[in-house]
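# Chain and residue survey
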Amino acid sequence: MDSVTVDSRHIGILGGGQLARMMALAGIPLGFEFSFLDPSAEACAKSLGSLVQADFADADAASKMAEAIDIATYDFENVPAASATAVAAVKPMYPGVTALEACQDRWVEKNLVAGLDIPVPSFEPVKSRTDLMAACQKLGFPSVLKTRRLGYDGKGQAVLRQQEDMERAWQRFGDFELILESFVPFDAECSVIGVRSLSGEIRFWPVSRNHHVNGVLTLSRAGGLNDQIQAAAEKVGRRLLQHFDYVGIMTVEFFVRDGTLLVNEIAPRVHNSGHWTIDGSTTSQFDNHIRAITGLPLGSTAQTNHALMFNWLGELPDRDALLEVEGLHWHDYGKSPRPGRKLGHATVTAPDAASLQQRANQVANLLGSDWQSQVETVMVEM
Ligand code: AMP
């Protein structure tokens, strides 16, 4: 593979979704042009570059796109290994194939993290009904059965609360390779987003406190977690970034339990819980990802504002009403509505915690009671 040069101008992204779109929105002002490989003719990044319409498993198409670009990256971690390898054989691809492959398989990922002496929930491999029974006996109830591959946003998983749930879950997922994890009765969920440059410089944004509904992120609040949690999250992030000799953005998601952190998963990419960095920090995760993979100096990751991000799933709320809220930044991904689909987000920023609380309440009141309790949960300082 070639290396990055000062003339490297054309970035190819495997995936043309909202993460690719936000990378392009950050990279175009820096002077880069973009191509996106995506199976959908409606890929929401397409207006910001050239669309190569092809299946992600089409390694030939991926390789052909790689010929036409200077540097490659991706916007989701389930890029088939053969396509990622085909691209990386032709042009530099960041983050590299090793990190990508490790994050595609929960079993590989958990063993790697545990092997680095980083705490994770207890886990057991499950390849048969007998394995499942043995694993349930070992980990006890409740526990969480997950497919090793292709699970995201709570897909491909089931909470087992009692003996009877085992058979039901086996009927659903028995055809896949699985792991069983102990259920963590967490006090909070959070994530740290770190960036590592080509020269090995590492920076982190303040940890985001995250709220999920049915496994899908609904809210991310920047900060609000104490310094010990920030330090512990950065220590884990640094260890992982160095382990992979990583370049670009990495996200590590955690469960917080009694003030300590357990890794839930690693995303080798820009992440939904870092969208607040666009409006609430000096340099966004998207901007720094592009800088990192193209060999430009990293920008400051300092938080400039108190910030709370709301995810819009399935349908967009009333934009015009919400724009009445001071400090609200609207992001529409230009996608057609579909139940549960991520269509956009809004980040509310404020100069201090009290005004963030007040603005967040205003938004929650406009959205309805489901949101009010969620906002209350993430606004509690820990
Ligand atoms: P995942 O796709 O593994 O990130 O899971 C999605 C969400 O499901 C997480 O953000 C948690 O809210 C919940 N979850 C997943 N695994 C566990 C676990 N072992 N214990 C408790 N909650 C979990």
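Residues numbered from 1 in each chain as written. Predicted model: local features only at pLDDT ≥ 70, side-chain atom pairs only at ≥ 80, totals over all residues. Heavy atoms only, no water.

## Remarks on the sheet that holds strand β1 (residues 10-14)
Hydrogen bonds between backbone atoms are what pair the strands of a sheet, whose relative direction is either parallel or antiparallel. Which entries qualify depends on this criterion: The rule for pairing is simple: two strands pair if DSSP sees at least two bridges between them. Working definition: helices are DSSP H or I runs of at least four residues, strands are E runs of at least two. Numbering for both runs from the N terminus. To get an axis, fit a line to the C-alpha atoms, keeping to the stretch in contact for a helix; angles then go from 0 to 180 degrees between the N-to-C directions.
Strand order across the open sheet formed by four strands is β3-β2-β1-β4, with parallel pairing between neighbours. Strands at the two margins of the open sheet, each flanked by one partner only, are β3 (50-53) and β4 (71-74). Across the sheet, the mean angle from the axis of one strand to that of its neighbour is 25°, orientation sign disregarded. Where strand β2 (residues 33-38) meets β3, four bridges bridge the pair, whose relative direction is parallel. Pairing of L37 across the sheet is with V52, part of β3.

## Some thoughts on the side chain of R221
Inclusion rule: Any residue under 20% of the maximum accessible area for its type is buried, any over 50% is exposed, and the rest in between are partly exposed; the area is computed with a 1.4 Å probe on protein chains only. Counting of polar contacts relies on pairs of N or O atoms within 3.5 Å, with two restrictions inside protein: one atom must be capable of donating a hydrogen and the other of accepting it, and residues adjacent in sequence are counted only when both atoms are side-chain atoms. Contacts are assigned to residue pairs that have any heavy atoms within 4.5 Å of one another.
Note that R221 resides in strand β12 (residues 216-222). The buried category is assigned to R221, whose relative accessible area is 3%. One polar contact links the side chain of R221 to the main-chain carbonyl oxygen of M379, over a distance of 3.2 Å. At 2.9 Å, the side chain of R221 and the side chain of E381 are in polar contact. In this structure R221 touches V207, S208, R209, A307, L308, L356, V378, M379, V380 and E381, once residues within four positions along its chain are discounted.

## Here we look at unusual backbone geometry
Cis rather than trans, the peptide bond between Y94 and P95 has omega equal to -10°. With an omega of -5°, the peptide bond running from F141 to P142 counts as cis. With respect to the helices and strands, P142 occurs in the loop between α6 (129-139) and β6 (143-147). Of note, the phi angle at D245 is positive, near 50°, even though the residue is not glycine. Phi is positive for D258, which is not a glycine, with a value near 50°. When you line up the elements, D258 lands in the loop between β13 (248-257) and β14 (260-267). For D258, a relative accessible area of 61% translates into the label exposed.

## So, the sheet that holds β6
As summarised here, the arrangement of the four strands in space is β5-β8-β6-β7, forming an open sheet in which the pairing is antiparallel. Each edge of the open sheet carries a strand with a single partner, namely β5 (123-126) and β7 (157-160). Neighbouring strand axes in the sheet, compared pairwise and without regard to direction, differ in orientation by 25° on average. The sheet contact formed by β6 and β7 spans four bridges and is antiparallel. When the bridges of β7 are listed, V144 appears paired with V159.

## Quick word on the nonpolar core
Across soluble globular proteins, you tend to see nonpolar side chains buried next to one another. Selection rule: Side-chain atoms within 4.5 Å are what join buried Ala, Val, Leu, Ile, Met, Phe, Trp, Tyr and Cys residues into a set we call a nonpolar core.
If you look at the biggest cluster of nonpolar residues, it comprises 32 residues, and the most contacted ones within it are I11, I13, F34, F36 and F286. At the level of elements, β1, α1 (18-27), β2, β9 (188-196), β12, α10 (285-294) and β15 (306-313) are the ones that each hand at least two residues to this core. If you tally residues by element for this core, the top one is α1, at six residues.

## Remarks on the site of the ligand
This is how the line gets drawn: Distances are taken per atom, and a residue is near a molecule or strand as soon as one of its heavy atoms is within 4 Å of it. Only the protein chains shown count as covering a residue, and every accessible area follows the Shrake-Rupley method with a 1.4 Å probe.
Surrounding the ligand, one finds 16 residues, the nearest of these being K146, E181, V184, E189 and E265. One of the side-chain nitrogen or oxygen atoms of R106 is found 2.9 Å away from an oxygen atom of the ligand. Separating an oxygen atom of the ligand from a side-chain N or O atom of Q157 is a distance of 3.2 Å. For the ligand, the protein covers 92% of the area, taking 480 Å² as the surface of the free molecule. Mapped onto the shell around the ligand, the elements with two or more residues apiece are β6, β8 (178-182) and β14.

## Quick word on the packing of aromatic side chains
Filter applied, for reference: Any Phe, Tyr or Trp ring, taking Trp's six-membered ring, that has another such ring centre within 6.5 Å forms a pair; planes under 30 degrees apart are called stacked, those over 60 apart edge-to-face, and the others tilted. Look at NZ for Lys and CZ for Arg. If either is within 6 Å of the ring centre and within 35 degrees of the ring normal, a charge sits over the ring.
On inspection of all chains with the given rule, the structure shows eight aromatic pairs. Between F310 and W312, the aromatic rings sit 6.0 Å apart at their centres with planes inclined by 25°, giving stacked as the arrangement. Given a relative accessible area of 0%, F310 falls into the buried group. With 5.9 Å between their ring centres and 70° between their planes, W312 and W371 make a pair best called edge-to-face. Here W371 lies in helix α13 (residues 369-379) and W312 lies in strand β15, a separation of 59 residues in the sequence. Owing to a relative accessible area of 14%, W371 belongs among the buried residues under this scheme. Taken together, the ring pairs connect F310, W312, W330 and W371 into an aromatic cluster. The ring of F32 has R9 sitting right over it, with the charged end atom 5.8 Å from the ring centre.

## A word on the pattern of salt bridges
Applicable threshold: Every case where a carboxyl oxygen of Asp or Glu lies within 4 Å of a side-chain nitrogen of Lys or Arg is listed as a salt bridge.
In total, this model carries 14 salt bridges according to the counting rule given. R269 is the partner of E77 in a salt bridge, and the nearest nitrogen-oxygen pair spans 2.5 Å. You can see E77 sitting in the loop between β4 and α3 (81-90) and its partner R269 sitting in the loop between β14 and α9 (277-280), a full 192 residues away along the chain.

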